Amino acid sequence: MAARKGRRRTCETGEPMEAESGDTSSEGPAQVYLPGRGPPLREGEELVMDEEAYVLYHRAQTGAPCLSFDIVRDHLGDNRTELPLTLYLCAGTQAESAQSNRLMILRMHNLHGTKPPPSEGSDEEEEEDEEDEEERKPQLELAMLPHYGGINRVRVSWLGEEPVAGVWSEKGQVEVFALRRLLQVVEDPQALAAFLRDEQAQMKPIFSFAGHMGEGFALDWSPRVPGRLLTGDCQKNIHLWTPTDGGSWHVDQRPFVGHTRSVEDLQWSPTENTVFASCSADASIRIWDIRAAPSKACMLTTATAHDGDVNVISWSRREPFLLSGGDDGALKIWDLRQFKSGSPVATFKQHVAPVTSVEWHPQDSGVFAASGADHQITQWDLAVERDPEVGDVEADPGLADLPQQLLFVHQGETELKELHWHPQCPGLLVSTALSGFTVFRTISV
């Protein structure tokens, strides 16, 4: 939650941000601030982060903003909680000119947790704090490839021991890039310098498909069949990519037929090799089976899933649930066992602008996160019910109408585009926005 100075109001969702007034003459305790609820920020007020609400919080910038990224699974182990953390991202830029774009690997390391508030001490303690501060500085290395055209979406997969990135370009092509060399050089400053000097300009995609009729955003690698890929475009078409011997792909030129407007997102089933879901600007969500001919492969449809464009979907790896977010700001949960009913099993309305990204927590089946064009990231837990004994809501009735399942609201970013949970670091969220990348873990998840 955010808070503004003047009055304090809290609830069990925590308070990641506070709003502080420039006028300190009438300073009072901080007040929880939520976009779209209660009065807007006044002139002279600004959001101030409450560090006690975060276990870890870091920001990074890469020059031109990145519309999309993915987390690269690494060999550092699963269930990593020991700090400092290291992580690897693959991202693509949206630069002002087509030739200024880059596909990049980011290595973020020495990521320490948030520090406890400083205590008053001796000069010797202050010197130790300064040394400690230097040792705790986060580090970032970038290995980049030139890419002609802005990158709409990036998704990473491993083909055996080979990491690859599927890239949707604004120029209407989908390309596959090998990432092994980038991941090697980002570990060694000398190798990185030599790569940027001698190799990067020569690196090309290992495969490219120009059969879509225009640009697109939807792209998903199968989690069950290595190399199997789906791509969807703004012209309503979805194409299936099948890996072939020799490290190439066969792309079926016959599109899956059903949507009437832009295909916005695609998600393979985590339990069935041949089933996938799609969502569209035509307001529908569809379930498909690739064993049927593309013209007959749509098995289930909810025609009006949202009031307007359905922007994003996420298929739970642990429950038969599909999560969707739309231009209407709503988050909806669909039980696939009841999908024919056309009704979600839950609807949450916290965002006051289009939802731009949704993702289920990879380990905790009831937890998910969402980002919106209202500059909010929200964390949710379906298992939470408000404790009537808790007095915070009584103290501040303005919070009483918050959804019980809302755990946390993170703010402070500008034009949020995409978020992902780290699959190997429980509770760690990474987001990209016009304002850059943010890596954080809250006290709530």
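Residues numbered from 1 in each chain as written. Predicted model: local features only at pLDDT ≥ 70, side-chain atom pairs only at ≥ 80, totals over all residues. Heavy atoms only, no water.

1. Things to note about the overall build of the protein chain
Across its full length, the protein chain holds 4 helices and 32 strands. Sequence separation of 24 or more characterises 59% of the internal contacts of the protein chain that already satisfy a separation of 6 or more. Element-wise, carbon and sulfur atoms account for 46% of the exposed surface of the protein chain, whose accessible area totals about 19,600 Å². (Helix = DSSP H or I, 4+ residues; strand = E, 2+ residues; numbered from the N terminus. Contact = heavy atoms within 4.5 Å. Areas by Shrake-Rupley, 256 points an atom, 1.4 Å probe, with all protein chains shown as cover.)

2. Some points on the sheet that holds strand β27 (residues 367-372)
The strand order across the open sheet formed by 4 strands is β26-β27-β28-β29, and the pairing between neighbours is antiparallel. For this open sheet the edge positions go to β26 (355-360) and β29 (406-410), each flanked by a neighbour on one side alone. Neighbour to neighbour, the strand axes of the sheet diverge by 15° on average, direction disregarded. Taken together, the 5 bridges between β26 and β27 define a ladder with antiparallel strand orientation. (Pairing = 2+ DSSP bridges. Axes fitted to C-alpha atoms, helices over the stretch in contact; angles between N-to-C directions.)

3. What to know about the pattern of salt bridges
Overall, the coordinates contain 17 salt bridges when judged by the stated rule. When the shortest N-O distance is used, the salt bridge between Arg291 and Asp289 registers 2.6 Å. Judged by relative accessible area, which is 66%, Arg291 ranks as exposed. The buried category is assigned to Asp289, whose relative accessible area is 10%. Via salt bridges that share partners, Arg153, Arg155, Asp265 and Glu418 belong to a single interconnected network. (Salt bridge = Lys/Arg side-chain N within 4 Å of Asp/Glu carboxyl O. Buried < 20%, exposed > 50% of the residue type's maximum accessible area, 1.4 Å probe, protein only.)

4. Section: the sheet that holds strand β12 (residues 174-178)
Ordered by their spatial adjacency, 4 strands build an open sheet running β10-β11-β12-β13, and the pairing between neighbours is antiparallel. The two strands at the open ends of the sheet, each matched to only one other strand, are β10 (151-159) and β13 (207-209). This sheet shows a mean twist of 20° between the axes of neighbouring strands, independent of strand direction.

5. Observations concerning the packing of aromatic side chains
What the rule picks out here adds up to 18 aromatic pairs. Between Phe256 and Trp288 the ring centres are 5.8 Å apart and the planes differ by 70°, which places this aromatic pair in the edge-to-face class. Taken as a pair, Phe256 in the loop between β17 (248-251) and β18 (263-268) and Trp288 in strand β20 (residues 285-289) lie far apart in primary sequence, 32 residues in all. As far as the burial class goes, Phe256 and Trp288 line up, both buried. Three or more aromatic residues joined by ring pairs make a cluster, and in this case those are Phe207, Phe209, Trp221, Trp241 and Trp249. (Phe/Tyr/Trp six-rings, centres within 6.5 Å; stacked < 30°, edge-to-face > 60°.)

6. What to know about the nonpolar core
With 20 residues, the main nonpolar core has Val72, Cys90, Leu103, Ile105, Ala165, Leu179 and Leu182 as its most contacted residues. Those elements that place two or more of their residues in this core are β7 (85-93), β8 (102-111), β9 (139-146), β10, β11 (162-169), α2 (180-185) and α3 (189-198). When neighbours within four sequence positions are excluded, Leu182 is seen to be in contact with Ile105, Ala143, Met144, Leu145 and Phe195. (Core = buried A, V, L, I, M, F, W, Y, C linked by side-chain atoms within 4.5 Å.)

7. Some points on the environment of Ala383
Along the chain, the position of Ala383 falls in the loop between β28 (377-381) and α4 (392-395). As a C-alpha pair, Ala383 and Val367 span 16 residues in sequence and 8.2 Å in three-dimensional space.

8. A few points about a negative patch on the surface
Taken together, the side chains of Asp129, Glu130, Glu131 and Glu135 present a region of like negative charge at the surface. Of note, Asp129 is situated in helix α1 (residues 123-135). (Patch = residues over 30% accessible without salt bridge, like charges linked within 9 Å, V, L, I, M, F, W, Y side chains within 5 Å. Lys, Arg positive; Asp, Glu negative; His and termini not counted. Charge placed at Lys NZ, Arg CZ, Asp CG, Glu CD.)

9. Quick word on unusual backbone geometry
In the segment running from Leu83 into Pro84, the intervening peptide bond is cis, with an omega of 0°. Turning to its location among the elements, Pro84 is positioned in the loop between β6 (66-71) and β7. Positioned with a positive phi, Lys236 is a non-glycine residue whose angle comes to about 80°. As for its position among the elements, Lys236 is in the loop between β15 (229-233) and β16 (238-244). Accessibility expressed as a relative area gives 39% for Lys236, which makes it partly exposed. Notably, Glu415 is not glycine yet its phi reads approximately 55°, a positive angle. Its place among the elements puts Glu415 in the loop between β29 and β30 (416-421). We classify Glu415 as partly exposed; its relative accessible area is 36%.

10. Concerning the side chain of Asp289
Within the secondary structure, Asp289 is located in strand β20. There is a polar contact of 3.0 Å between the side chain of Asp289 and the side chain of Thr274. Ignoring any residue separated from it by four or fewer positions in sequence, one finds Asp289 in contact with Thr274, Val275, Ala297 and Met299. (Polar contact = N/O pair within 3.5 Å; in protein donor to acceptor, adjacent residues only side chain to side chain.)

11. Brief notes about the side chain of Asp374
With respect to the helices and strands, Asp374 occurs in the loop between β27 and β28. Side chain to side chain, Asp374 and Gln376 meet in a polar contact 2.8 Å long. Apart from the residues within four sequence positions on either side, Asp374 is in contact with Gln350, His351, Val352 and Ala353.

12. Remarks on the pairing of β12
Of all 5 residues in β12, 4 are buried, a share of seventy percent or more. Inspection of the sheet shows β11 paired to β12 by 5 bridges, in the antiparallel sense. Counterpart to Val167 in the pairing with β12 is Glu175. Count of turn residues in the β11/β12 antiparallel hairpin: 4 residues, of which Gly172 carries a positive phi of about 95°.

13. Notes on the confidence of the model for the protein chain
Within the protein chain, residue pLDDT values average 89, and 87% of them lie at 70 or more. In the model, residues 1-26 has pLDDT below 50 throughout and makes 120 contacts with residues more than four positions away in sequence or in other chains. (pLDDT = per-residue confidence, 0-100.)

14. Topic: the environment of Ser371
Here Ser371 lies in strand β27. C-alpha separation for the pair Ser371 and Glu418, spaced 47 residues apart in sequence, amounts to 6.8 Å. Those residues in contact with Ser371, other than ones at most four positions away along the chain, are His351, Val355, Thr356, Ser357, Gln376, Ile377, Leu416, Lys417, Glu418 and Leu419. Among the polar contacts made by the side chain of Ser371, one reaches the side chain of Thr356 at a distance of 2.8 Å.

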